[in-house]
Amino acid sequence: MRRTRSGIPIPHARPPLERMLRIHARLRDGGKVNCSTLAEDLEVCTKTVQRDIDFMRDRMGLPIEYNPREFTYRYTEPVDQFPTVKVTEGELVALFVARKAVTQYHGTPFARPLRAAFEKITQGLTEHLSFSWGELDSAISFRSIGIPREDLDLFEKLSEATVKSQEVTFEYRKLSSATHQPRRVQPYHLACIDHQWYLVAHDLDRSALRNFVLTRLKNV
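Now for a description of the structure that goes with this document.

Reading guide: rules and limits
Residues numbered from 1 in each chain as written. Predicted model: local features only at pLDDT ≥ 70, side-chain atom pairs only at ≥ 80, totals over all residues. Heavy atoms only, no water. Buried < 20%, exposed > 50% of the residue type's maximum accessible area, 1.4 Å probe, protein only. Helix = DSSP H or I, 4+ residues; strand = E, 2+ residues; numbered from the N terminus. Arc of directions from axis to C-beta. Polar contact = N/O pair within 3.5 Å; in protein donor to acceptor, adjacent residues only side chain to side chain. Core = buried A, V, L, I, M, F, W, Y, C linked by side-chain atoms within 4.5 Å. Contact = heavy atoms within 4.5 Å. Pairing = 2+ DSSP bridges. Expected span 1.5 Å × (residues − 1).

Moving on: helix 2 (residues 35–42). Residues Cys 35, Leu 38, Ala 39 and Leu 42 constitute the buried set of helix 2. Along helix 2, the residues classed as buried sweep out an arc of 105° about the axis, all on the same side. The N-terminus of helix 2 is capped by Asn 34, whose side-chain oxygen sits 3.2 Å from the backbone nitrogen of Ser 36. Of the residues trailing helix 2, Glu 43 is marked for its positive phi of about 60°.

By size, the foremost hydrophobic cluster in this structure holds 18 residues, and its most contacted members are Ile 23, Leu 27, Val 49, Met 56 and Ile 64. For this core, the secondary-structure elements that each account for two or more residues are helix 1 (16–28), helix 2, helix 3 (46–58) and strand 2 (72–75). Top element by residues in this core is helix 2. It accounts for 4 residues. Those residues in contact with Ile 23 that lie beyond four places of it in its chain are Leu 38, Leu 42, Val 49, Asp 52, Ile 53 and Met 56.

Turning our attention to the sheet that holds strand 7 (residues 217–218). Sheet architecture is open: 5 strands sit in the order 6-5-4-3-7, paired in antiparallel fashion. A single partner strand is all that each edge strand has here, and the edge strands are strand 6 (208–213) and strand 7. Pairing of strand 3 (residues 168–172) with strand 7 involves 2 bridges; the strand directions are antiparallel. In the sheet register, Tyr 172 faces strand 7, and the bridge partner there is Leu 217.

Attention now moves to helix 3. Along its 13 residues, helix 3 runs 18 Å from first to last C-alpha, staying within 8% of the 18 Å computed at 1.5 Å per residue. Listing the buried residues of helix 3 in full gives Thr 48, Val 49, Asp 52, Ile 53 and Met 56. Viewed along the axis of helix 3, the buried residues span an arc of 135°, placing them on a single side of the element. Looking at helix 3, the residues exposed on the side facing more than 90 degrees away from the buried face are Lys 47, Arg 51 and Asp 58. Considering only its buried residues, helix 3 is in contact with helix 1, helix 2, strand 1 (64–67) and strand 2.

Printed below as a string of structure tokens:
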């Protein structure tokens, strides 16, 4: 576990954007800003703070200057807004709707990275809203269809095989049949169409492209 200069353990690091927003607030308010005090406040090491300040000055163009006599950083001119991505209220609502739509992937390997990506996109957005997230949550909903939990193992095997272009064998039941038949395929694509997952693959025994409904596969 990493520790600060004073030996205080650091359980986790704050996201970079959150750290830089905190540094910006301190610089804007004219408080004493140096790497040591910021490291304690942000629960990171001094080198991390130095990299954040360098990035803010050199890559984001913020007017940061170091005063060697006072051992502090300061803004050389007023900075009202942090130069982050500007997102409108309407765009935030669209992002929220997209986040709600992610619920259809609950239980699939995509659920966690999708949630993480949404949190990274929305983190640090400070626009004043005329509504609350709670109001949106009660006003917008999606019925989660997704993949049944018992089919997760099958879905993960097929997604890995599709990405790695690995040959797959399984038993498949046609809609018009009551029995499963063996299949040997080269997977091309997994698609969710009208809340139903399909495997698009080349049937090696039949030398033809076929669409297979995942819920009618077994023994992959």
